[in-house]
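Breakdown of the fold
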Amino acid sequence: MKIAMTGVSGHMGREALIQVMELPFAERVRILLTPKRKNDKLERRLSARYGTRLQVVRGWLSDAAACEKLVEDCDLVINMAAVIPPDSDKNPRASYLCNQLGTMRLTDAVAAMPVQAKFIHTSTVAVYGNRTLAHPWGRPGDPLLPSVFDYYAMHKLIAERYVLESEVKNRAVLRQTAMLYDGIVFANISDGLLFHTTLNGPLEWVTARDSGRLIRNIVVAEHEGRNGGFWNGVYDIAGGAANRRTGYDTFADGFGIMGGSPRAYFTPDLCQTRNFHGLWYADDTLERMFSYQSESVEQFWKEVGERYAFFRLARFVPSGLIRTFLFNRLANDGNAPARWLKDGDVAKVIAAYGGLEQARTLARRWEDFAVAKAEEYGAREEHPFETFKDRMLCHGYDESKPEEEWSLEDMRGAAGYRGGKCLSGEYAGARSKLLWQCSEGHTFSATPHTVLKGGHWCPYCQPQPWIYDRLAKKSPYYAQVWYDSHGSEENYTYSFDKDGRAHAEAEEKE
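Reference entry: report on the structure contained in this document. Every chain is numbered on its own, with residues counted from 1 as its sequence reads. Per-residue local features of the predicted model are confined to residues with pLDDT of at least 70, and side-chain atom pairs are confined, for both listing and counting, to 80 or more; whole-chain, interface and lining totals are unaffected and use all residues. The side-chain numbers reported here are obtained from all heavy atoms of the structure, hydrogens and water having been left aside.

**Looking at the pattern of salt bridges**
Here, a salt bridge means any Lys or Arg side-chain nitrogen found within 4 Å of an Asp or Glu carboxyl oxygen. Enumeration over the complete set of coordinates arrives at 34 salt bridges. Close ionic contact of D182 with R307 constitutes a salt bridge, the shortest N to O distance being 3.1 Å. Taken together, the residues span a long stretch of sequence, with D182 in the loop between strand 8 (178–180) and helix 7 (184–187) and R307 in helix 12 (residues 297–307) at a distance of 125 residues. The classification of residues rests on relative accessible area computed with a 1.4 Å probe and restricted to protein chains. Under 20% of the type maximum is buried, over 50% is exposed, and intermediate values are partly exposed. For R307, a relative accessible area of 41% puts it in the partly exposed group. With a shortest N-O distance of 3.3 Å, R501 and D499 are connected by a salt bridge. Linked by salt bridges that have partners in common, D182, R209, E295, E303 and R307 make up one network. Going along the chain from the N terminus, every DSSP run of H or I of four or more residues is numbered as a helix, and every run of E of two or more is numbered as a strand.

**Digging into the packing of helix 1 (residues 11–20) against helix 8 (residues 208–223)**
Where helix 1 contacts helix 8, the axes come no closer than 7 Å and their chain directions differ by 45°. As the angle between them shows, helix 1 and helix 8 are arranged oblique. Helix-helix and strand crossings are classified by hand; for helix 1 and helix 8 the assignment is right-handed. In this structure, helix 1 uses H11, M12, E15, A16, Q19 and V20 to contact helix 8, whose residues at the interface are A208, R209, S211, G212, R213, I215, R216 and V219. Side-chain classes follow a simple rule in which Ala, Val, Leu, Ile, Met, Phe, Trp, Tyr, Cys and Pro form the nonpolar group, Asp, Glu, Lys and Arg form the charged group, and the remainder, Gly included, forms the polar group. Of the residues belonging to the contact of helix 1 with helix 8, the class tally is six nonpolar, four polar and four charged. Throughout, an axis means a line fitted to C-alpha atoms (over the contacting stretch in the case of helices), and angles, computed between N-to-C directions, take values from 0 to 180 degrees. Roughly parallel here means an angle under 35 degrees, roughly antiparallel means over 145, roughly perpendicular means 65 to 115, and every remaining angle is called oblique. In a left-handed crossing the near helix is turned counterclockwise from the far helix by less than a right angle, and in a right-handed crossing that turn is clockwise. It only takes one pair of heavy atoms within 4.5 Å for two residues to be counted as in contact.

**A short note on the sheet that holds strand 3 (residues 54–58)**
When DSSP locates at least two bridges between a pair of strands, those strands are taken to pair. Spatially, seven strands are ordered 3-2-1-4-5-7-10 in an open sheet, and the strand pairing comes out parallel. Looking along the sheet, the strands with just one partner apiece sit at the ends: strand 3 and strand 10 (234–237). The mean angle between the axes of side-by-side strands here comes to 20°, regardless of whether they run parallel or antiparallel. For strand 4 (residues 76–79) and strand 5 (residues 118–124), the ladder comprises four bridges, and the chain directions are parallel. Within the sheet, the bridge partner assigned to V77 lies in strand 5 and is F119. Its contacts with the sheet put helix 8 on strand 1 (2–6), strand 4, strand 5, strand 7 (171–176) and strand 10, and the angle it makes with strand 7 is roughly 160°.

**Some points on the pairing of strand 14 (residues 434–437)**
On strand 14, burial follows the alternation: L434 and W436 on one face are buried, whereas L435 and Q437 on the facing-out side are not. Bridge count for strand 13 (residues 421–422) against strand 14 is two bridges, and the pairing is antiparallel. Residue C422 lies in a different strand from strand 14, and its bridge partner there is W436. Hairpin connection from strand 14 to strand 15 (residues 443–446): five residues lie between these consecutive antiparallel strands, with G441 at a positive phi of about 90°.

Note that every value here comes from positions in space, so none of it alone points to a role or purpose.
See the structure below:
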């Protein structure tokens, strides 16, 4: 089997490459490395380790020629490249070139192959947007409401739709959940992004090794001819029952290896109360297919604590010093919500808290803040969709019907639930494009699968400007989750100006 990979300098990609190269039938693996100088050393190391079985293409994912060279003569193409927060926040151009345009270029390259490769595209939990414990469970087909001002999620959303609507005959979209990787602590104590986490919001984790194991097992199944039911689906890379947490739990897990806790290091008002991304995956299809989940959050943090003396030594440092010299500094970072409030960045404060008043009246003492317990919301359930079917978000059609039995009436019902219409007069199957109209009057084409199973809707209404307040008033599909963290009286249009400044403009009520 001949395989092409992107993103091997990242955490998931690195693990996937290591594990796929262990497979004797992977006769050639071709990877894409950017021309950055830091990748010179990586190329030498990988070439020395794997020899001629590994081929390296140097270039940018946004370069069509590089993509064509990468995929040439390959059987399988796996896209794991991404520019993630906080880098995507600081350099939105890089996020666009990799997360959006790069994915488009790679998709086009696969579609144009004389004999098409099969294509796996890694997307992200961020396309679902903010969730609360009112509706903590997410699955493919749920509304896609990427958080306001999130470049990463915005570019990933557009790219994912492009893959789903492409001419690639065999493709799969995998939405990665929050990922634990070596060095995660150091990466997250250098930027105010830490405080974007909602304390009582759901978060599900998977390790980079398990993510790599998933890719390996998909490759094995493909080699053995067992992937018949896999291709052309949208899936979630879930971590499983042992890895479902809240934001608070996540801080407690990470700080625990230093002998600390959220209560010791910062106050609850420093964290956003909404406009984050995270949920618990009800979709365990990939685990059932490929059995990749082997590592728990608890095991991961135990290993990190044992591996790095830094964290053991931190146990002997007074928590007050860590709070003063680390977390107070992070709270004053330009990417921290507290700094937005201090600087009067009203648009970001509205998005993160609901407004200046709401931000200023948050509990500043842990004694006044109610910490939610994930277990009380069913986080440890092994098969959540089966157990909590009545708690899932509605998709606006009879989900008990298989795709082969969908009809034009199903499409009209789903469109109406989204506040729009299905304008087509004939139905030719789940993969044949139909004409739709959204609540704002835009007309667009999309396959029934992209809409009903992918959760995508009008490409003109999102991702920016973000008009979710307006859409939720007209769409029960969006309203059912948007109003978990927003008031029905809110009526903002959020946008970036040409200089990258955030704006929140109050619209006149109709």
